[in-house]
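Observations on the model geometry
Listed here are the chains, written in short residue letters.
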Amino acid sequence: MLKPNVVSPLLVASVCYLAVLSFLNARGITASASEAGGVEVVLYLLCFALQARRVPLLTLVMAAWIASWLVFSWLMRQSPDIKGLRDLMIPILFIGLGRQVANVQYAERSLAWIVGILIALGLFEALFTNAYSQLFNTFSFYVNLGGIREGSAAFEGQMLTLNGYRPEGIGRTILPSLLGAHRTSSALMEPVSLGNMGVILLAWGLSKSWEEIQRKPFIMLSAALLITLADSRLGLVMGGTLLGFRMLPLPMLRRAAPFFPFLIFACVVGAALLFSGTDDTLAGRVSRSGSALLRFDWALILGLSGPLPNFGDMGFAYILSRFGAPLCLSLILAIFMVPMADARGERFRVFVVLYIFANFAISGTSVFALKTAGIMWFLFGVLSTSPHGARI
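Residues numbered from 1 in each chain as written. Predicted model: local features only at pLDDT ≥ 70, side-chain atom pairs only at ≥ 80, totals over all residues. Heavy atoms only, no water.

In this section: the overall build of the protein. Regarding its fold elements, the protein presents 19 helices and zero strands. The C-alpha atoms of the protein give 20 Å as radius of gyration, which agrees with the globular expectation for 392 residues (21 Å, within 12%). For the protein, the spread of C-alpha atoms along the three principal axes comes to 55 × 50 × 40 Å. Within the protein, the proportion of its 392 residues that are buried is 53%. Within the protein, counting contacts between residues at least 6 apart in sequence, those at least 24 apart form 75% of the total. As presented, the protein carries roughly 17,300 Å² of accessible surface, and 68% of it is formed by carbon and sulfur atoms. A gap of 10 Å separates the mean positions of the 29 positive and 19 negative side-chain charges of the protein. (Helix = DSSP H or I, 4+ residues; strand = E, 2+ residues; numbered from the N terminus. Rg over C-alpha atoms; globule rule 2.2 N^0.38 Å. Buried < 20%, exposed > 50% of the residue type's maximum accessible area, 1.4 Å probe, protein only. Contact = heavy atoms within 4.5 Å. Areas by Shrake-Rupley, 256 points an atom, 1.4 Å probe, with all protein chains shown as cover. Lys, Arg positive; Asp, Glu negative; His and termini not counted. Charge placed at Lys NZ, Arg CZ, Asp CG, Glu CD.)

So, on to the packing of aromatic side chains. Per the stated rule, a full pass over the model turns up 17 aromatic pairs. On the basis of an interplanar angle of 40° and a centroid distance of 4.9 Å, the ring pair of Tyr-132 and Phe-136 is categorised as tilted. A residue pair is termed a helical-turn pair when its members lie 3 or 4 positions apart in one helix, as Tyr-132 and Phe-136 do in helix H6 (residues 129-136) at four residues. For Tyr-132, a relative accessible area of 0% corresponds to the buried category. With a relative accessible area of 8%, Phe-136 lands in the buried category. Pairwise contacts between aromatic rings join Phe-265, Phe-316, Tyr-318, Phe-323, Phe-357, Phe-360 and Phe-368 into one cluster. In this structure, Arg-27 packs its charged tip against the face of Phe-23, placed 4.8 Å from the ring centre. (Phe/Tyr/Trp six-rings, centres within 6.5 Å; stacked < 30°, edge-to-face > 60°. Lys NZ or Arg CZ within 6 Å of the ring centre and 35° of its normal.)

This next bit is on the pattern of salt bridges. Under the counting rule described, the total for this entry stands at 10 salt bridges. Residues joined by salt bridges that share partners form a network here, namely Glu-40, Lys-83, Arg-86 and Asp-87. (Salt bridge = Lys/Arg side-chain N within 4 Å of Asp/Glu carboxyl O.)

To continue, consider the nonpolar core. Membership of the largest hydrophobic core comes to 120 residues, with the highest contact counts inside it found for Phe-94, Leu-118, Trp-204, Leu-242, Phe-316, Trp-377 and Phe-378. Per-element accounting of this core gives the leading share, 14 residues, to helix H18 (residues 343-362). In contact with Trp-204, not counting residues within four places along its chain, are Val-104, Ala-107, Glu-108, Leu-111, Ile-219, Arg-344, Phe-348, Leu-379 and Leu-383. (Core = buried A, V, L, I, M, F, W, Y, C linked by side-chain atoms within 4.5 Å.)

In this section: the environment of Glu-346. Structurally, the position occupied by Glu-346 is in helix H18. Residue classification places Glu-346 among the buried residues on the basis of a relative accessible area of 18%. As for Glu-346 and Leu-97, which are separated by 249 residues in sequence, their C-alpha atoms are 19 Å apart. Those residues in contact with Glu-346 that sit more than four places away from it in its chain are Leu-250, Arg-254 and Met-340. In this structure the side chain of Glu-346 is engaged in a polar contact, spanning 2.4 Å, whose partner is the side chain of Arg-254. (Polar contact = N/O pair within 3.5 Å; in protein donor to acceptor, adjacent residues only side chain to side chain.)

With 20 residues, helix H4 (residues 82-101) extends 29 Å between its outermost C-alpha atoms, agreeing within 8% with the 28 Å of an ideal straight helix rising 1.5 Å per residue. At Met-89, H4 shows its largest bend, some 25°, and a proline, Pro-91, comes one to four positions later. Downstream of H4 by one or two residues, Ala-102 has phi in the positive range, about 50°. (Expected span 1.5 Å × (residues − 1). Bend = angle between axes of the 7 residues up to and from the residue.)

This part takes up the side chain of Arg-246. Secondary-structure assignment places Arg-246 in helix H12 (residues 233-246). Within the buried set, Arg-246 has no salt-bridge partner at all; the shortest N-O distance to an opposite charge, 8.8 Å, is to Glu-212. Within the structure, the side chain of Arg-246 is placed 2.7 Å from the backbone oxygen of Leu-206, a separation counted as a polar contact.

Quick look at the structure:
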């Protein structure tokens, strides 16, 4: 079994590495997409090195299937897709890392350290926004990474990234009179990612027994705080959804969960057929995502059409066009084939599936971001091997 204390620095680095690069960028050490990618590669290599001697056979088989399908699709499209490979590498590596650690108590302590960092820096940003902006200048950072154009600034001298403010006419959803239009990013450099982390924390917290939730409410309260600071509409909706599903009997959730991805997909397509909105509301995002799917031909459905189109914030369109329906279906099957050690692990799996596919309905690639995906899949791996005695 892997010694847990060598994993914690890697987990913290996977969450905070962009904050370090952004801080250096604001000090004149210009960051670039290649440098950010290089740091990620180092983290992936470290993650692999920690488990290289203990890789299970089934993991190797799954990795071989993914690699063979991706190579086949690249040949058909006549262009490689390194980002797609990287997106699928994260769950394989971090689930494996969690399974090697196999220690729920250690995972909880590591998560507490990460949450402490996010809360401390998030409150600093909310209370001292100008100081945070000068320390990190996330707008300049993402310009240098190529994610946004310098001319897209909403106002002269902007130092926070574009989604750091709600556009005029939409406004903040959570506590607008108290927190204004500003949305907190903390160490994740984007409010969307901070909101996603809040949902992951909710999934982790709600997977526990009711007794443990009441006895140790830190994770739940932290999730609510991060979602509030980030003004995450997804977090707000998912908070109520996950709480509602937590009240259902586990056997019912276990039987229904494999259908959730397809039900959410059907809702997205149905929204496009019934509504025509394309604004930045929740309904508009879902409708726009479904509209893209209605234009798919068989080549796009199978992930064999090239060159790859840019689907922006349309998650289902993104994964189908890049990975193809055969690989997507096999990945969904693989998630449910991983044996969970107890009731808590089974609940966490249900909540993770809901989070991923709800995110695909309104967003694009945020569920694949290392800064949130790494810790989520690590927790998934831990719960697949370490019984915790959670009550049903």
